[in-house]
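# Remarks on the overall topology
Residues per chain are reported as follows:
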Amino acid sequence: MTLSVDEVLERRRSIRAFRPDPVPRELVEEILRVAARAPSGTNIQPWKLHVVAGEARAELEREVLAHRETDPHDVEAEFGRTAKRKEPYTSRMRKLGKEMYTLLGIPKGDQEANWRQWGRNFQFFGAPVGLILTIDKDLDAMSYLDTGMFVFAIMLAAKARGLDTCAQGAWNNYWSVTRRVLQVPDDRYIVCGLSLGWADEDDPVNTLVSEREPLESFATFHGF
Ligand SMILES: Cc1cc2nc3c(=O)[nH]c(=O)nc-3n(C[C@H](O)[C@H](O)[C@H](O)COP(=O)(O)O)c2cc1C
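Now for a description of the structure that goes with this document. (Residues numbered from 1 in each chain as written. Predicted model: local features only at pLDDT ≥ 70, side-chain atom pairs only at ≥ 80, totals over all residues. Heavy atoms only, no water.)

### Quick look at the overall build of the protein
On a plain count of helices and strands, the protein comes out with eight helices and four strands. The order of helices and strands in the protein, counted from the N terminus, is α-α-β-α-α-α-β-α-β-α-β-α. In terms of C-alpha radius of gyration, the protein reaches 18 Å, essentially the compact-globule figure of 17 Å for 224 residues. Contacts in the protein between residues far apart in sequence, at least 24 positions, make up 84% of those at least 6 positions apart. As presented, the protein carries roughly 13,600 Å² of accessible surface, and 53% of it is formed by carbon and sulfur atoms. Here the protein holds 30 positive side-chain charges and 34 negative ones, and the gap between their average locations is 2 Å. (Helix = DSSP H or I, 4+ residues; strand = E, 2+ residues; numbered from the N terminus. Rg over C-alpha atoms; globule rule 2.2 N^0.38 Å. Contact = heavy atoms within 4.5 Å. Areas by Shrake-Rupley, 256 points an atom, 1.4 Å probe, with all protein chains shown as cover. Lys, Arg positive; Asp, Glu negative; His and termini not counted. Charge placed at Lys NZ, Arg CZ, Asp CG, Glu CD.)

As structure tokens, then:
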């Protein structure tokens, strides 16, 4: 079944529980090749990826999960997490969190369960393939926009082939371990991760459909 672009956009959702079935390397390559058609300012294509599966993925998971038990310095992101918490963003974030934690059956204030659930990020939510995106530290905000386009192109190309994804800013925490395990050079930041695989349709967390603000709230039309 071939989906239209609109159908892919409507159907894609962040998936936070995956089936373990492996994704063939050729399929991952196909997705990445087409996603690399994403635009970038002056075509600099600033993105680089580490694609992990099998033992490499398991090692990364093991190392990060062990490291986070040690009260590490790199629980803070290495870059760019300086935005003030303010409205309307905090309300939207809380709404999403409340809906997700209700589906997960985690009661408000259960610190231990929250900690464990946050840790699921570093297991790529059970997805067989994990992607870690890095960027040259010398580049500026416009290039991060470019990487966002690339990541979204991966998400759409995956969905068009029946695969699911979850973008994960969480991977810019515990960056020193990811840097060591994947040998990311010191002149690059770890921007985010992406889980890739097939959704576990039976897991309630995957029924979450996040809301969107109405058009009038974000678009100002001029001259029509
Ligand atoms: C840049 C970026 C970082 C994200 N980081 C995480 C993350 O670390 N963990 C997670 O569970 N979801 C993460 N998400 C998923 C968002 O929560 C999700 O996209 C948003 O709630 C909208 O829901 P939808 O993707 O299902 O439409 C991230 C999404 C983006 C675009």
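We are not done yet, so read on.
### Points about the site of the ligand
Surveying the vicinity of the ligand reveals 14 residues, the closest of which are Ser14, Arg16, Gly169, Ser210 and Arg212. At 3.0 Å, a side-chain N or O of Asn121 approaches a nitrogen atom of the ligand. Ala170 places a main-chain nitrogen or oxygen 2.9 Å from an oxygen atom of the ligand. Burial of the ligand by the protein chains amounts to 65% of its free accessible area of 620 Å². Sort the elements by how many residues they give to the shell around the ligand and strand E3 (residues 164–168) lands first, with three residues. (Near = heavy atom within 4 Å. Polar contact = N/O pair within 3.5 Å; in protein donor to acceptor, adjacent residues only side chain to side chain.)

### Some remarks on the nonpolar core
One finds Leu131, Leu133, Phe150, Ile154 and Leu196 to be the most contacted residues of the largest nonpolar core, which totals 24 residues. Here Phe150 is in contact with Leu32, Ala35, Ala36, Ala38, Trp47, Leu49 and Leu133, once residues within four sequence places are set aside. In terms of nonpolar packing, the next biggest core, distinct from the first, is built from 21 residues, Phe125, Ala127, Trp171 and Leu182 among them. (Core = buried A, V, L, I, M, F, W, Y, C linked by side-chain atoms within 4.5 Å. Buried < 20%, exposed > 50% of the residue type's maximum accessible area, 1.4 Å probe, protein only.)

### Quick notes on the packing of helix H3 (residues 54–67) against helix H7 (residues 175–182)
The interhelical angle for the contact between H3 and H7, taken along N-to-C directions, is 150°, at an axis separation of 9 Å. Judged on the interaxial angle alone, H7 and H3 are roughly antiparallel. Of the two possible hands of crossing, H3 and H7 adopt the one that is right-handed. Residues Glu59, Leu60, Glu63, Val64 and His67 of H3 touch H7, and the partners they reach there are Ser176, Val177, Thr178, Arg180, Val181 and Leu182. Taken together, the residues that form the contact of H3 with H7 break down as five nonpolar, three polar and three charged. (Axes fitted to C-alpha atoms, helices over the stretch in contact; angles between N-to-C directions. Parallel < 35°, antiparallel > 145°, perpendicular 65-115°, else oblique. Left-handed = near helix turned anticlockwise from the far one by under 90°. Nonpolar A, V, L, I, M, F, W, Y, C, P; charged D, E, K, R; others polar.)

### Notes on the packing of helix H2 (residues 25–35) against helix H6 (residues 141–160)
At their nearest, the axes of H2 and H6 sit 8 Å apart, and the two run at 130° to each other. Classified by the angle between their axes, H2 and H6 sit oblique to one another. Crossing of H2 over H6 shows right-handed handedness. Mapping the contact onto sequence places Ile31, Leu32, Val34 and Ala35 in H2 and Phe150, Ala153, Ile154, Ala157 and Ala158 in H6. Taken together, the residues that form the contact of H2 with H6 break down as nine nonpolar, no polar and no charged.

### Regarding the side chain of Gln123
Along the chain, Gln123 falls in the loop between helix H5 (111–120) and strand E2 (129–136). At a separation of 3.3 Å, a polar atom in the side chain of Gln123 contacts the side chain of Glu61. With near-sequence residues (within four places) excluded, Gln123 lies in contact with Arg57, Glu61 and Leu65.

### Observations regarding the sheet that holds strand E4 (residues 188–197)
Across the sheet, which stays open at both edges, the four strands sit in the order E1-E2-E4-E3 with antiparallel pairing between neighbours. Edge positions in the sheet fall to strand E1 (48–52) and E3, since each of these pairs with one other strand and no more. The sheet shows a mean angle of 25° between the axes of neighbouring strands, taken without regard to direction. Two elements, E3 and E4, share five bridges in a ladder whose sense is antiparallel. Directly across from Asp164, in E4, lies its bridge partner Gly197. Each of E1, E2 and E4 touches H7; the most contacted strand, E4, lies at about 80° to it. (Pairing = 2+ DSSP bridges.)

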